[in-house]
Each structure stands twice: as C-alpha cells, then as structure tokens.
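One-letter residues, chain by chain:
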Amino acid sequence: MEKAHFFGASKKWLALILCGVIILGIIAADFFINREKSEKTYVAMGTVITSKIQGKGSAEAEEEIRTMINGMETACLSWRCEGSDVYRINEHNGTFESVSQDTAKWIADCVDVSEKSSGAFDITIGKVTKLWNFDGESSNVPSSKEIEKALQAVDYSKMLFNSTAVKIAKGQFIDLGAVGKGIACDSAREILENSGVKSATVSVGGSVLVFGKSATVGVICPDDDTKCVGTINLKDKCVSTSGDYERFFEKDGKKYHHILDPYTGYPVENNLRSVTVICDSGLLSDALSTACFVLGYKGSLGLLNNYDAEAIYIFDDNTIAVTDGVKSFKLTDNSYKMK
Amino acid sequence: MKKLFERNDLLIIIAVCVVTIILLIPRFVGEKGATAEISVDGKIIKEIELDKTDGMYQFTTETEPSVTITAEKGRICVSDADCKDKLCVKSGWLTSEGDMAVCLPAKVVVNIKGSSTKNAPDVITY
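Quick caveat: nothing in here was measured; it's all calculated off a predicted structure.

**Remarks on the overall build of chain B**
If you tally the helices and strands in chain B, you get 2 helices and 8 strands. Listing every helix and strand of chain B by position from the N terminus yields α-β-β-β-β-β-α-β-β-β. Out of the 126 residues belonging to chain B, those deemed buried represent 35%. Put simply, 29% of the contacts in chain B that link residues at least 6 apart link residues at least 24 apart. In the form shown here, chain B has an accessible surface area of approximately 7800 Å², with 57% of it arising from carbon and sulfur atoms.

Right, dumping it as structure tokens:
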C-alpha cells in the first residue's frame with residue numbers, strides 16, 4: 001500500500017489540501033465581499049433616513065438611494081414642491097394632469113386601499129390635514145365649521161386616473177404624506193436589488209425596509225421613544241407604524257394627534273396607541289397602518305387579509321395584540337402584556 | 001491498525017483551522033468604544049471618539065439654524081439650537097449605539113455608532 005508522504009501525491013493528501021484551499025477561498029471571499037458596508041443617517045423628505053447596507057457596492061447603492069429620495073420628493077410626492085406631480089394635480093384640480101407612471105401607479109395603489117378600507121385611508125383628506133397643520137410650529141383646533149367644509153372635499157371615489165394622468169374633483173386636495181416614506185422604501189429596494197448588495201435595512205422616518213437577510217426590527221414604545229416594546233425578526237419585508245405619539249399638540253388638556261379620521265375630520269379616538277403593519281410593499285404597509293389605526297383592531301383584520309399583511313396593535317391599556325402570522329414577536333418591555 | 005490521520009495530516013488540519021480562525025477574527029471583533037458622527041445634509045463633518053474625549057469639547061455648526069454640540073467623555077449632546085422647538089436639544093445626552101439627535105430644519109444629525117450594544121434591534125419602526 002502506498003504510504004503518505006508530506007510532498008507525496010496520495011489521494012488523501014490531495015483531498016485534504018484541496019479541502020483546505022476551498023475552505024480558505026470561501027472564507028476569504030466572504031470576508032472581503034462582506035467587509036464592504038455603508039451606514040448613513042441623514043435628513044431628507046423632512047424626516048430622518050438611516051440606511052445600513054452590507055456587501056459589494058454598498059456605498060454606491062447608498063448614494064443612489066439618497067439621490068432617489070431627494071428627487072422623488074421634489075419631482076413627484078410633495079404637495080409643497082412647485083412643479084411636483086402632486087403639486088400640479090392639486091393646482092389643476094378638476095382637470096386631468098399628466099404625471100409620471102410611478103406617481104399614477106402609487107395613486108392607483110392608494111385608491112385601492114381606500115376602496116378596500118371603505119375610505120378609512122383616503123389621500124383626498126389633504127384639505128383637512130392642512131387645516132390641522134400638524135407640521136407647523138403652532139397648532140390650533142380648527143372650528144367645526146371649517147372641518148365640515150374641508151370634509152366636503154374628501155372622497156377618493158371622485159378621483160379619476162389612468163397610467164399617465166390623474167384628475168381630482170374640483171376643490172379636492174391630495175396629500176401623499178401618509179405613504180411617501182413607504183414609497184421611498186419600495187424604491188430603495190429596487191435600487192438594492194439592481195446593485196447586487198447582500199443585505200440592508202433602510203428606515204425612512206420609521207417606515208422600514210429589511211432586505212436580503214433577516215434583521216431584528218424594534219417596535220417603538222408609544223410613551224418613550226428611547227425604548228422598544230418588542231422586536232420581530234423579518235426578512236425581505238416592509239414595516240410601518242402609525243401612532244398617536246408621532247405628531248400631536250395639546251390644547252386645554254386634550255391631546256390632538258395627526259392620524260385623522262376621514263369620516264369626521266378629527267383625530268381618531270379609539271383604544272389604540274399604535275399599529276405596526278408588516279407586508280411586502282412599503283406603500284401598502286404605510287397606507288394599511290393608517291387605515292388600521294382608523295378602523296380599530298377588530299375592524300381592520302379583514303383589510304389586512306386582503307393584502308396578506310400582518311400587524312401588531314398596541315392598546316392604551318398597555319396590552320398588545322398580534323395577527324396570526326406574526327410568529328417572531330418578542331415582548332421586551334415588562335410594562336406591556338400580550339392580549 | 002492503520003491510523004485515520006498521520007502526524008503530518010494533523011499538522012495540515014491544524015494549520016487550516018488556525019488560518020480560518022485568524023481570518024474570521026475581524027468578523028467577531030467589532031469596533032470598541034462609542035464614536036459620535038455629526039453630519040450636515042448627509043455629509044459627515046466630524047467624528048468624535050467619545051472614549052478619548054478629555055474634558056469638554058464644544059462647537060457650533062455653520063447651518064441655518066445653527067446647532068451647538070457638546071461632547072464629554074462617553075457622551076455627546078446638542079446643547080443649544082437656534083430654532084423654536086429645540087427638539088434636538090430635548091434628545092439629551094447620547095451615550096449608546098443608535099442614540100440620535102436630529103435637527104430637521106438644519107439637516108444636522110448627531111448619532112453614535114460603533115459601541116457594543118448587543119441586544120439593540122437592527123432597526124426601529126416608529
């Protein structure tokens with residue numbers, strides 16, 4: 001039988017050396033590819049964006065996402081930016097206005113959620129939102145007459161659109177603020193897919209995209225923005241939260257938050273503090289979290305089924321309910337209990 | 001009975017293991033100590049290693065509104081801002097990874113990266 005020598009060419013030796021080379025090669029390649037990463041936090045779209053990207057091409061992908069978000073706001077989404085698609089739709093209310101195919105698609109998706117939620121989510125709420133002015137430095141409770149008048153312009157079913165043009169009824173005003181962050185997440189995912197990076201998490205003002213590999217997403221505590229009530233592990237999903245703590249003001253001892261009920265024109269009053277929605281699309285997770293907040297826990301379960309979406313509800317008695325598909329939710333704050 | 005591995009076989013196996021471990025070490029040894037990153041409109045204007053900060057270090061950004069940042073050993077904060085609501089000042093001292101103070105009108109972000117908070121989530125939805 002052939003005896004193995006250090007420099008001999010026995011099969012056993014060859015196999016061993018080959019194994020070693022392959023293992024080293026894999027580890028080295030993995031190390032050098034994944035060593036590249038980009039972590040950035042910046043302000044855009046009037047909110048804080050944090051992107052953590054890993055893998056080859058991460059810096060370029062980060063730069064591209066930032067350019068996309070800045071461009072998206074000025075060209076399409078902001079009703080404040082003169083010349084944007086939404087600005088022009090509002091300005092030329094009552095007539096068809098040409099828009100980018102992206103904008104037309106986003107508006108169609110929003111109207112779909114409006115239809116399936118019986119108007120609990122409605123982008124034609126713009127006049128009411130402007131009246132409350134939650135983005136402004138000082139806020140006042142509008143008079144009931146003002147609200148009643150603004151509510152007359154709220155009706156998604158009066159909107160008409162095709163793949164390149166949108167028309168709102170005379171006197172209507174649309175606001176895509178409720179879905180802008182989610183739309184940015186969707187566009188970020190497209191960039192990440194094309195860039196070939198390995199994994200990423202992108203937070204656009206709290207609307208989150210988890211891309212490529214599993215990540216732990218913390219759900220913020222409604223009473224303390226330095227804490228999370230729990231965490232959930234997700235991969236290739238979008239997550240959005242609507243809560244009464246995000247933007248609000250207090251007047252005569254009463255709290256007025258920014259999630260407005262399209263039926264009444266006033267902030268939603270139910271037993272919810274926040275709703276976190278998980279689904280494949282950022283636009284949908286944004287729109288659904290608003291709609292679910294308006295509809296309440298029981299009223300919104302059917303809507304989530306329509307979109308294959310899952311949700312985490314935090315109630316004002318510090319209890320939490322999750323839908324059946326939320327398997328990995330882990331409570332991390334003892335002052336909250338699961339329902 | 002013939003041994004499964006000769007002495008030289010073992011030497012090679014050990015060598016492969018050692019090299020593998022050496023290559024893997026950088027993946028598990030993260031950066032130590034908190035580093036604060038200050039950016040304006042997405043561009044990093046300053047990085048401060050908080051563990052190496054002696055005494056008090058203070059500077060004001062050339063932004064509109066201007067923002068004054070104060071760093072001490074192990075912590076950093078926005079100590080003053082030339083705006084009405086001063087939300088960034090209300091964020092208080094930042095001490096651990098992910099802590100952040102943001103001035104939206106000035107597009108100034110102060111955040112801490114690189115300390116070893118093991119149980120912090122990767123990202124937060126709010």
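**Observations regarding the overall build of chain A**
Tallying secondary structure elements over chain A gives 9 helices and 17 strands in all. Each principal axis of the C-alpha distribution contributes one length, and for chain A these read about 100 × 50 × 35 Å. A total accessible area of about 15700 Å² is found for chain A, and carbon and sulfur atoms account for 51% of it. Put simply, chain A has 37 plus and 45 minus side-chain charges, and the middle of one group is 5 Å from the middle of the other.

**A short note on the sheet that holds strand S6 (residues 100–103) of chain B**
Residue and element names in this part refer to chain B. Read across the open sheet, the 4 strands follow the order S2-S1-S7-S6; overall the sheet is antiparallel. One side of each edge strand has no neighbouring strand; the edge strands of this open sheet are strand S2 (43–49) and S6. Sheet twist, expressed as the mean angle between neighbouring strand axes with direction ignored, is 15°. Bridge count between strand S1 (residues 35–40) and S2: 6 bridges; the pairing is antiparallel. Bridge pairing in S2 links Ile38 to Lys46.

**Quick look at the sheet that holds strand S8 (residues 215–221) of chain A**
The mixed open sheet is built from 4 strands, whose spatial order is S16(A)-S9(A)-S8(A)-S8(B). For this open sheet the edge positions go to strand S16 (330–331) of chain A together with strand S8 (123–125) of chain B, each flanked by a neighbour on one side alone. Sheet analysis places strand S9 (residues 224–234) of chain A next to S16 of chain A, joined by 2 bridges and oriented antiparallel. Bridge assignment links Thr231 of chain A to a residue of S16 of chain A, and that residue is Lys330 of chain A.

**Observations regarding the packing of helix H2 (residues 58–77) of chain A against helix H7 (residues 180–195) of chain A**
All names here are of chain A. At a minimum axis distance of 10 Å, the contact between H2 and H7 shows a crossing angle of 140°. Compared by their axis directions, H2 and H7 come out oblique. In terms of crossing hand, the pair formed by H2 and H7 is right-handed. Between H2 and H7, the contacting residues are Ala61, Glu64, Ile65, Met68, Ile69, Met72 and Leu77 on the first element and Gly180, Ile183, Ala184, Ser187, Ala188, Ile191, Leu192 and Ser195 on the second. Its residues assigned to classes, the contact of H2 with H7 shows 11 nonpolar, 3 polar and 1 charged.

**What about unusual backbone geometry?**
Residue and element names in this part refer to chain B. Of the consecutive residues Glu64 and Pro65, the connecting peptide bond is found in the cis state with omega at 0°. Examined against the element boundaries, Pro65 turns out to sit in the loop between strand S3 (57–60) and strand S4 (67–72). Backbone geometry places Asp41, a non-glycine residue, at a positive phi of 50°. By the element assignment, Asp41 lies in the loop between S1 and S2. Judged by its relative accessible area of 41%, Asp41 falls in the partly exposed class.

**Re the nonpolar core**
All names here are of chain A. Within the largest apolar cluster, 66 residues are counted, with the highest numbers of intra-cluster contacts made by Ile65, Ile69, Ile107, Ile174, Leu192 and Tyr313. Broken down by element, the residue count for this core peaks at 8 residues, all from helix H8 (residues 282–295). With residues near it in sequence (within four places) discarded, Ile65 still touches Tyr42, Ile53, Ala188, Ile191, Leu192 and Val202.

**Things to note about the interface of chain A and chain B**
Taken together, the contact between chain A and chain B spans 43 residues of the former and 33 residues of the latter. Overall, the association of chain A and chain B removes approximately 3300 Å² of surface from exposure, summing both partners, and the carbon and sulfur fraction of that is 66%. Run the count over chain A and chain B and you get 0 salt bridges. Applying the counting criterion to the chain A and chain B interface returns 11 residue pairs in polar contact (both at pLDDT 80 or more). Residue assignment for the side of chain A that touches chain B shows that the elements contributing at least two residues are helix H1 (11–34), strand S1 (37–44), strand S2 (47–54), strand S6 (199–204), S8, S9 and strand S10 (237–243) of chain A. Broken down by element, the side of chain A that touches chain B gets its largest block of residues, 11 residues, from H1 of chain A. In terms of residue class, the side of chain A that touches chain B is made up of 20 nonpolar, 16 polar and 7 charged. Looking at chain direction, S8 of chain A and S8 of chain B are connected through 3 bridges and run parallel. What sits directly across from Gly218 of chain A, in S8 of chain B, is Ile124 of chain B.

**Structural notes on a nonpolar patch on the surface**
All names here are of chain B. On the surface, Phe5, Leu10, Ile14, Val18, Ile21, Ile22 and Ile25 cluster together to form a nonpolar patch covering roughly 630 Å² of accessible area. With respect to the helices and strands, Ile22 occurs in helix H1 (residues 7–28). For Ile22, a relative accessible area of 53% corresponds to the exposed category.

**Overview of the packing of aromatic side chains**
By the definition in use, this model includes 11 aromatic pairs over all chains. Taking 5.5 Å as the distance between ring centres and 90° as the angle between the ring planes, the aromatic pair formed by Tyr297 of chain A and Phe315 of chain A counts as edge-to-face. One end of the pair, Tyr297 of chain A, is in helix H9 (residues 297–306); the other, Phe315 of chain A, is in strand S14 (residues 310–315), with 18 residues separating them in the sequence. Site record: aromatic cluster; members linked through ring pairs are Trp132, Phe134, Phe249, Tyr256 and Tyr266 of chain A. If you follow Lys46 of chain B out to its NZ or CZ, it ends over the ring of Phe59 of chain B, 5.0 Å from the centre.

**Some thoughts on the side chain of Arg273 of chain A**
All names here are of chain A. For Arg273, the position within the fold is in strand S13 (residues 272–279). We classify Arg273 as buried; its relative accessible area is 13%. A polar contact of 3.0 Å, which involves the side chain of Arg273, links it to the side chain of Asp223. A polar atom in the side chain of Arg273 sits 2.8 Å from the side chain of Asp244. Apart from residues no more than four positions distant in its own chain, Arg273 is found in contact with Pro222, Asp223, Ser242, Gly243, Asp244, Tyr245, Lys255, Phe293, Ile314, Phe315 and Asp316.

Criteria and cut-off values
- Residues numbered from 1 in each chain as written.
- Chains lettered and ligands numbered in written order.
- Predicted model: local features only at pLDDT ≥ 70, side-chain atom pairs only at ≥ 80, totals over all residues.
- Heavy atoms only, no water.
- Helix = DSSP H or I, 4+ residues; strand = E, 2+ residues; numbered from the N terminus.
- Buried < 20%, exposed > 50% of the residue type's maximum accessible area, 1.4 Å probe, protein only.
- Contact = heavy atoms within 4.5 Å.
- Areas by Shrake-Rupley, 256 points an atom, 1.4 Å probe, with all protein chains shown as cover.
- Lys, Arg positive; Asp, Glu negative; His and termini not counted.
- Charge placed at Lys NZ, Arg CZ, Asp CG, Glu CD.
- Pairing = 2+ DSSP bridges.
- Axes fitted to C-alpha atoms, helices over the stretch in contact; angles between N-to-C directions.
- Parallel < 35°, antiparallel > 145°, perpendicular 65-115°, else oblique.
- Left-handed = near helix turned anticlockwise from the far one by under 90°.
- Nonpolar A, V, L, I, M, F, W, Y, C, P; charged D, E, K, R; others polar.
- Core = buried A, V, L, I, M, F, W, Y, C linked by side-chain atoms within 4.5 Å.
- Buried area = accessible area lost by both parts, 1.4 Å probe.
- Salt bridge = Lys/Arg side-chain N within 4 Å of Asp/Glu carboxyl O.
- Polar contact = N/O pair within 3.5 Å; in protein donor to acceptor, adjacent residues only side chain to side chain.
- Patch = residues over 30% accessible without salt bridge, like charges linked within 9 Å, V, L, I, M, F, W, Y side chains within 5 Å.
- Phe/Tyr/Trp six-rings, centres within 6.5 Å; stacked < 30°, edge-to-face > 60°.
- Lys NZ or Arg CZ within 6 Å of the ring centre and 35° of its normal.

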